[in-house]
Amino acid sequence: MRAAVIEEHGEPLAIEDVDAPEPDPHGVVVETEACGICRSDWHVWQGDWDWLGIDAGAGQILGHEPAGTVIAVGEGVEQVREGDHIAIPFSLGDGTCPECQSGHSNTCDNGIPLGFVEQAQGAFAEQVHVPFADFNAVQLPDGVTSVDMAGLGCRFMTSFHGLAHRADVGAGDWVAVHGCGGVGLSAVHIADALGANVVAVDLKDDKLRQAEELGAVETINAAETERVPKEIKGLTDGGAAVSVDALGVAETSRNSVLSLGNRGQHLQIGLTTEEERGSIAQPTDAMVMQEIEFLGSYGMPVSRYDEIFRMVATGKIDPSAVVSETVGLEAVSDKLAAMTDFETDGIPVVDSF
Ligand SMILES: [Zn+2]
Ligand SMILES: [Zn+2]
């Protein structure tokens with residue numbers, strides 16, 4: 001099968017003919033129909049996240065936001081059938097540990113990050129293997145296409161889980177979103193759908209325009225001010241109730257914390273870069289004195305996808321609104337390279353392999 005393969009960190013991916021996967025006893029193989037191209041792919045392509053134990057080198061196939069049709073089923077699989085139209089979460093669970101059993105598959109004790117480790121090759125390929133398929137396969141409802149689902153991939157799901165499950169977003173609350181790439185635009189759209197008033201922050205006007213189209217009522221171009229937190233506090237009469245760092249760099253993370261009013265909640269969605277290597281200093285005294293909460297959000301429990309599908313079915317959320325373009329497998333390298341200078345818009349999706 002054709003696949004886009006890492007040869008060397010930061011160098012163009014090679015389009016190669018590699019062995020197609022076989023289903024293990026509890027796995028299925030999916031013919032990939034769509035897969036989002038994500039900043040997480042960029043991180044691993046760059047060689048980031050060795051401090052998390054991720055070391056995806058030569059031979060790794062990236063791609064962790066896939067949807068497609070099941071074409072082969074392991075002998076121990078009981079519920080997933082050939083021909084099923086499914087999506088696959090990037091944070092795969094084993095289905096049996098206490099975390100998975102209590103509805104937290106995204107923080108599975110034996111979690112496998114799809115596409116980032118050798119044992120779980122990703123979906124920038126004609127076919128992808130899904131381990132523990134009865135637990136991990138998400139059946140797509142009628143009306144959600146594979147490209148829509150790729151648009152709902154890790155960025156959308158992580159934003160949804162963060163805003164709908166981790167933070168307490170109330171009607172009319174001010175929600176600030178720092179960084180308007182795929183995660184940030186998803187967060188803007190979801191916070192708006194949950195009834196919040198959204199302030200979007202980015203360095204680029206075209207990204208801020210997209211944020212407005214997705215529901216932001218105020219925007220701030222961070223290139224034009226030294227004092228993003230102060231501006232947000234002015235716009236929101238004292239500070240946001242919830243503020244999202246959708247990038248994972250020191251400046252946006254700290255700005256997010258400093259944008260909050262008393263008892264505000266900071267939501268960290270992006271993981272950090274080579275610059276921070278997992279640690280960002282925070283304004284701790286302000287967090288103490290203002291009783292600020294720092295919340296993490298990682299993926300989304302597999303058991304809660306239905307909530308998003310109900311909002312898609314009723315038109316409250318439109319995943320296609322954050323899909324910027326569809327491209328072929330050969331274009332993945334160029335899209336990753338463009339992320340180095342933040343030159344991709346929204347969520348590009350591979351739909352031909
Ligand atoms: Zn588990
Ligand atoms: Zn992703």
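Everything numeric in this text was worked out from a predicted model, so none of it was measured.

*Asks:* I'd like to hear about the coordination of the zinc ion (ligand 2), residue by residue, with values.
*Replies:* Coordination of the zinc ion (ligand 2) by the protein involves Cys38 (SG), His64 (NE2), Glu65 (OE) and Cys154 (SG), with metal-donor separations of 2.0 to 2.4 Å. Every donor counted, the 4 donor atoms about the zinc ion (ligand 2) form angles of 88 to 118° at the centre, which fits tetrahedral coordination. Linear spacing of the donor residues for the zinc ion (ligand 2) on their chain is C-x25-H-E-x88-C. Of the two residues, histidine 64 sits in the loop between helix H1 (39–46) and strand E4 (66–73) while cysteine 154 sits in helix H5 (residues 154–166), which places them 90 residues apart along the sequence. By the burial criterion, histidine 64 is buried, and cysteine 154 matches it.

*Asks:* Kindly report on the coordination of the zinc ion (ligand 1), identifying the contributing residues and their values.
*Replies:* Within the protein, the atoms that donate to the zinc ion (ligand 1) are Asp94 (OD), Cys97 (SG), Cys100 (SG) and Cys108 (SG), at distances of 2.1 to 2.3 Å. With 4 donor atoms in place around the zinc ion (ligand 1) and angles of 99 to 118° between them, the coordination shape is tetrahedral. Spacing between the donor residues of the zinc ion (ligand 1) along their common chain follows D-x2-C-x2-C-x7-C. Here aspartate 94 is found in the loop between strand E6 (91–92) and helix H2 (98–101), whereas its partner cysteine 108 is found in the loop between H2 and strand E7 (112–113), with 14 residues between them in sequence.

*Asks:* Before we move on, could you go through a nonpolar patch on the surface and cite the residues and values that matter?
*Replies:* A grouping of Leu52, Leu271 and Tyr298 is seen on the molecular surface, where their side chains present a nonpolar patch of about 260 Å² in accessible area. Tracing the backbone through its elements, the reader meets leucine 52 in the loop between H1 and E4.

Procedures and definitions
Residues numbered from 1 in each chain as written. Chains lettered and ligands numbered in written order. Predicted model: local features only at pLDDT ≥ 70, side-chain atom pairs only at ≥ 80, totals over all residues. Heavy atoms only, no water. Donors = N, O, S within 2.8 Å, 3.2 Å for Na, K, Ca; no water. Tetrahedral: all angles 85-135°; square planar, octahedral: opposite > 155°, others 65-115°. Helix = DSSP H or I, 4+ residues; strand = E, 2+ residues; numbered from the N terminus. Buried < 20%, exposed > 50% of the residue type's maximum accessible area, 1.4 Å probe, protein only. Patch = residues over 30% accessible without salt bridge, like charges linked within 9 Å, V, L, I, M, F, W, Y side chains within 5 Å. Areas by Shrake-Rupley, 256 points an atom, 1.4 Å probe, with all protein chains shown as cover. Salt bridge = Lys/Arg side-chain N within 4 Å of Asp/Glu carboxyl O.

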